[in-house]
Amino acid sequence: MSTTKQLRGGAKWALSVNAVLVYVFFYAPIALLVMYSFSNDNLVGRWGGFTLDWYRAFGENQEVQNALSVSLKVALFSTLISVILGTTAALALERYRFRGNRFFDALLYLPVIIPDVTMAVMMLLFFTQLFNFLDAVFGIRFAKGLATVTLSHIAFSISFVSIVVRARLAGMNETLEEAARDLYASRWKAFRYVTLPLITPGVVGGALLALTISLDDVVITQFVAGPGSTTLPVYVFGLIRRGVSPLINAVSVVMLAASILLVLLSLLAQRARGGTTA
Amino acid sequence: MTAVAPDEQSLVATPEFERSNERNKRRSGLLMALPAYVYLVLFFALPLIIVVVYSFATRTRSGGTALSGWNLDSYQKLGEPIVRDILFRSLLLALITTFICLVIAYPFSYYLSTRSPMVRNIMLVFVMIPFWSNFLVRNYAWRVLLGNNGPITRLTEGVGWEESSILFTPTAVVLGLVYGFLPFMILPMYAALERMDWSLIEASRDLGATGVQTFRNITLPLSRPGVIAGSILVFIPSLGAYVTPQILGGAKTTLLGSYIVTQFLTARNWPVGASVSTVLMVVMLGATLMYFRSGGKTL
């Protein structure tokens with residue numbers, strides 16, 4: 001590092017203090033929540049000795065377990081589809097020019113910046129309208145459920161996957177693919193043996209991110225879920241609105257731990273050098 | 001391999017070959033984009049248009065929506081005092097949130113960009129974790145901390161501050177929003193500062209400028225794209241916030257997000273909910289366009 005980035009005296013001190021405070025702000029509430037989830041006290045937010053009772057309650061609560069299994073199903077399926085769609089979209093945008101690519105590019109960004117509530121409203125009205133249409137034209141009746149939740153999750157996950165894969169592609173040397181083509185590899189072979197291994201870290205990173213986002217979503221899911229398709233965050237959100245409880249603490253900590261783990265794995269994958277076929 | 005693909009027979013770069021190759025590339029590009037393209041048009045662009053269409057529809061007496069007799073009634077409703085108050089309150093809280101994030105994040109990002117690459121990467125990971133991890137739970141953590149029996153309440157009561165609980169007040173909502181969206185400010189701001197040519201700062205100091213002058217004339221203008229991107233990324237979700245006010249706010253802190261949800265799930269006035277959503281989308285698109293116009297490239 002050059003010397004230009006060195007800070008002097010008072011500024012350095014103030015900036016370090018600020019940095020420490022930011023991290024305390026980020027992590028102290030989480031740490032306290034984790035601590036209270038082990039507290040043997042019916043009142044939330046008070047320490048009453050160590051216990052695992054709330055985690056046991058989490059394991060035994062049938063509603064929580066059902067919601068968890070819905071969440072996992074939705075997350076796995078929506079991730080699978082969005083990884084395929086997001087990766088092909090990223091390849092198309094980074095490696096090809098085609099008619100409408102600017103519009104497609106913008107369309108891919110929108111789900112990332114649009115507020116949850118707006119997207120939730122969009123999906124609700126869309127499915128309502130679609131179901132009315134199908135009922136009127138074909139006489140088939142559909143209802144909100146697992147399918148509507150999964151389809152909505154795919155709609156926002158594609159963008160996140162494609163952003164991560166595109167970042168990978170942008171930092172990648174195109175000459176390798178060209179070399180493969182020059183050496184008479186077919187388009188498919190060049191993709192299979194050169195491009196794919198190189199972008200695998202991006203694809204894995206994107207997939208893990210899609211899983212995280214799907215497992216965390218509350219608002220959109222709440223709008224498009226039907227009676228049997230309540231996901232864990234939606235269930236927990238419903239509980240929270242009625243008040244805090246030690247059980248929510250435990251469920252929250254499990255959800256938080258899962259999302260932190262997935263994020264860390266995703267960051268790790270994105271940093272990987274690549275080159276190995278997965 | 002038995003057959004050779006047609007475009008591999010002649011690898012001589014004749015004009016026709018170049019042209020057909022170019023055409024082929026265009027076609028395969030579109031083909032590759034097609035699945036995601038179709039999906040997003042069907043499950044994103046079309047829903048977006050439907051929301052706008054609904055905002056001009058009429059609510060029937062039974063709470064349904066009649067897609068006929070198009071009118072601007074639902075937009076006129078935005079001028080009513082109750083809705084106007086909610087609009088202004090959301091705007092105000094979103095601005096305050098953005099400002100606080102800016103004030104905290106700027107020095108933080110500056111500090112971050114002066115660290116060695118290794119330290120920087122570690123520090124960055126610990127900003128990414130809250131950026132991506134469960135938003136609902138992170139809001140819930142504050143509900144526990146600020147609650148009746150929570151440590152903060154006990155602390156303030158211990159000091160002798162009675163009735164000091166800020167839970168269910170606008171202050172709690174802003175706190176939750178800052179907590180939730182601070183990483184959205186830090187990351188683009190850091191990206192801008194990290195890209196900056198730091199030798200300019202050295203040059204400025206060598207030429208006798210004071211620290212304050214250097215900051216005002218060099219650092220601040222160069223980091224502007226980061227400041228704008230971060231502000232947009234915090235402002236937009238704050239304006240549409242729903243989860244945070246539901247968990248940390250009270251009856252008097254209804255914001256746009258909660259208002260929209262109420263219109264759909266309880267009041268059953270879909271045209272009004274759709275019109276507020278449309279306004280929110282227009283604000284979002286406007287902010288994003290402004291950002292790209294001002295020279296930003298990626299969010």
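Here is what the cut-offs are and how they apply
- Residues numbered from 1 in each chain as written.
- Chains lettered and ligands numbered in written order.
- Predicted model: local features only at pLDDT ≥ 70, side-chain atom pairs only at ≥ 80, totals over all residues.
- Heavy atoms only, no water.
- Axes fitted to C-alpha atoms, helices over the stretch in contact; angles between N-to-C directions.
- Helix = DSSP H or I, 4+ residues; strand = E, 2+ residues; numbered from the N terminus.
- Parallel < 35°, antiparallel > 145°, perpendicular 65-115°, else oblique.
- Contact = heavy atoms within 4.5 Å.
- Nonpolar A, V, L, I, M, F, W, Y, C, P; charged D, E, K, R; others polar.
- Buried < 20%, exposed > 50% of the residue type's maximum accessible area, 1.4 Å probe, protein only.
- Salt bridge = Lys/Arg side-chain N within 4 Å of Asp/Glu carboxyl O.
- Polar contact = N/O pair within 3.5 Å; in protein donor to acceptor, adjacent residues only side chain to side chain.
- Expected span 1.5 Å × (residues − 1).
- Bend = angle between axes of the 7 residues up to and from the residue.
- pLDDT = per-residue confidence, 0-100.
- Phe/Tyr/Trp six-rings, centres within 6.5 Å; stacked < 30°, edge-to-face > 60°.
- Domains from an automatic or database assignment.

1. Examining the packing of helix α10 (residues 224-239) of chain B against helix α13 (residues 270-293) of chain B
All names here are of chain B.
- Look at α10 against α13: their axes get within 10 Å of each other, and the N-to-C directions meet at 175°. Here α10 is positioned roughly antiparallel relative to α13, judged by the angle of their axes. From α10, P225, I228, A229, I232, F235, I236 and L239 reach across to α13, where they touch L280, V283, M284, A287, T288 and Y291.
- Among the residues forming the contact of α10 with α13, the class breakdown is twelve nonpolar, one polar and no charged.

2. Remarks on the side chain of S162 of chain A
All names here are of chain A.
- Considering the arrangement of structural elements, one finds S162 in helix α6 (residues 146-170).
- Using a relative accessible area of 1% as the deciding quantity, one classes S162 as buried.
- Non-local contacts of S162, meaning those with residues more than four positions away in its chain, are made with G86, A90 and L108.

3. Some remarks on the interface of chain A and chain B
- In this complex, chain A contributes 95 residues to the contact, which on the side of chain B involves 97 residues.
- Joining chain A to chain B, the criterion identifies zero salt bridges.
- The tally of links between chain A and chain B comes to 13 residue pairs in polar contact (both at pLDDT 80 or more).
- No other element matches helix α1 (residues 9-37) of chain A, which puts 15 residues into the side of chain A that touches chain B.
- A breakdown of the residues in the side of chain A that touches chain B according to their chemical character gives 65 nonpolar, 18 polar and twelve charged.

4. Quick notes on helix α7 (residues 170-195) of chain B
Residues and elements named next belong to chain B.
- For α7, built from 26 residues, the straight-helix expectation of 38 Å at 1.5 Å per residue is met to within 8% by its first-to-last C-alpha distance of 37 Å.
- Where α7 bends most, the angle comes to about 45°, and this point is F181, followed within four residues by the proline P183.
- Burial analysis of α7 places 19 of its 26 residues in the buried class, the great majority of the element.

5. What to know about the confidence of the model for chain B
- Per-residue confidence for chain B averages 85 on the pLDDT scale, and 90% of its residues sit at or above 70.
- Ranking the elements of chain B by mean pLDDT puts helix α6 (residues 151-159) of chain B last, at 75, and helix α3 (residues 81-113) of chain B first, at 94.

6. Things to note about the environment of S252 of chain A
- Checked against the element boundaries, S252 of chain A lands in helix α11 (residues 246-271).
- Residue classification places S252 of chain A among the buried residues on the basis of a relative accessible area of 0%.
- When the C-alpha positions of S252 of chain A and L232 of chain A are compared, they lie 9.7 Å apart, and in sequence the two are 20 residues distant.
- When residues no more than four places from it in sequence are discounted, the contact partners of S252 of chain A are L33 of chain A together with V137 and Y140 of chain B.

7. Here we look at unusual backbone geometry
- Here Y184 of chain A, not a glycine, exhibits a phi torsion of approximately 70°, which is positive.
- With respect to the helices and strands, the residue Y184 of chain A is situated in the loop between α7 (175-182) and α8 (187-216).
- Residue Y184 of chain A is classed as exposed on the basis of its relative accessible area of 55%.
- With a phi angle near 70°, F168 of chain B is a residue other than glycine that sits in the positive phi range.
- Take F168 of chain B: it is sitting in the loop between α6 and α7.
- Judged by its relative accessible area of 42%, F168 of chain B is partly exposed.

8. As for the packing of aromatic side chains
- In total, this model carries 31 aromatic pairs over all chains according to the counting rule given.
- Measuring from centroid to centroid gives 6.4 Å for F127 of chain A and F43 of chain B, while their planes differ by 45°, and the two rings are tilted. One end of the pair, F127 of chain A, is in helix α5 (residues 116-138); the other, F43 of chain B, is in helix α1 (residues 15-54), on a second chain. Assigned by exposure class, F127 of chain A and F43 of chain B land together as buried.
- Relative to F184 of chain B, the ring of F131 of chain B has its centre 4.7 Å away and its plane inclined at 40°; by these criteria the two rings are tilted. Taken together, the positions of F131 of chain B in helix α4 (residues 117-132) and F184 of chain B in helix α7 put the pair 53 residues apart, joining distant regions of the chain.

9. Describing the domain arrangement of chain B
All names here are of chain B.
- By the assigned domains, chain B splits into domain 1 (13-66) and domain 2 (77-293).
- Distance from the C-alpha centre of domain 1 to the C-alpha centre of domain 2: 32 Å.
- Listed per partner, the contact involves ten residues of domain 1 and ten residues of domain 2.
- Seen at the junction of domain 1 and domain 2, the total is zero salt bridges.
- At the junction of domain 1 and domain 2, the tally comes to two residue pairs in polar contact (both at pLDDT 80 or more).
- Those elements that place two or more of their residues in the side of domain 1 that touches domain 2 are α1 and β1 (58-59).
- Along the lines of polarity and charge, the residues of the side of domain 1 that touches domain 2 split into five nonpolar, four polar and one charged.

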